[in-house]
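# Remarks on the overall topology
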Amino acid sequence: MQYTIVIEKSPRNYAAYVPDLPGCVATAASEAEAVREIREAIRFHIESLREHHEPVPKPRCTAAVVDVFAVAS
């Protein structure tokens, strides 16, 4: 399965979360490390859901990066 993640830069670190898996979060010193950490967090999160006989949400979110530019008047 492939889940969409969101990575946010804060003044001190990077935070990542998974919109389709509420509560699944990770923080790290770098963006690359945040990706590695959230990958592991997703595994643990899904494992916990299964152990507690809870449904594992299917990936539904998608993301896109949009270039925004100033339009001359």
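Predicted, not measured: the structure shown is a model, and the values here were computed from it.

The next thing to look at is the pattern of salt bridges. Scanning all chains against the criterion turns up one salt bridge. The partner of Arg-43 in a salt bridge is Glu-40, with the nearest N and O atoms 2.9 Å apart. With Arg-43 and Glu-40 both in helix α1 (residues 31-51), this residue pair falls three residues apart, about one helical turn. Residue class for Arg-43 comes out partly exposed when judged on its relative accessible area of 49%.

Once that is clear, we can look at the nonpolar core. If you look at the biggest cluster of nonpolar residues, it comprises 13 residues, and the most contacted ones within it are Tyr-3, Val-18, Leu-21, Cys-24, Ala-34, Ile-38 and Ile-42. Of all elements in the fold, only β2 (14-17), β3 (25-28) and α1 reach the threshold of two or more residues within this core. Residue contributions to this core peak at five residues, all from α1. Residues contacting Leu-21, with those up to four places away along its chain left out, are Tyr-3, Ile-42, His-45 and Pro-57.

Cut-offs applied
Residues numbered from 1 in each chain as written. Predicted model: local features only at pLDDT ≥ 70, side-chain atom pairs only at ≥ 80, totals over all residues. Heavy atoms only, no water. Salt bridge = Lys/Arg side-chain N within 4 Å of Asp/Glu carboxyl O. Helix = DSSP H or I, 4+ residues; strand = E, 2+ residues; numbered from the N terminus. Buried < 20%, exposed > 50% of the residue type's maximum accessible area, 1.4 Å probe, protein only. Core = buried A, V, L, I, M, F, W, Y, C linked by side-chain atoms within 4.5 Å. Contact = heavy atoms within 4.5 Å.

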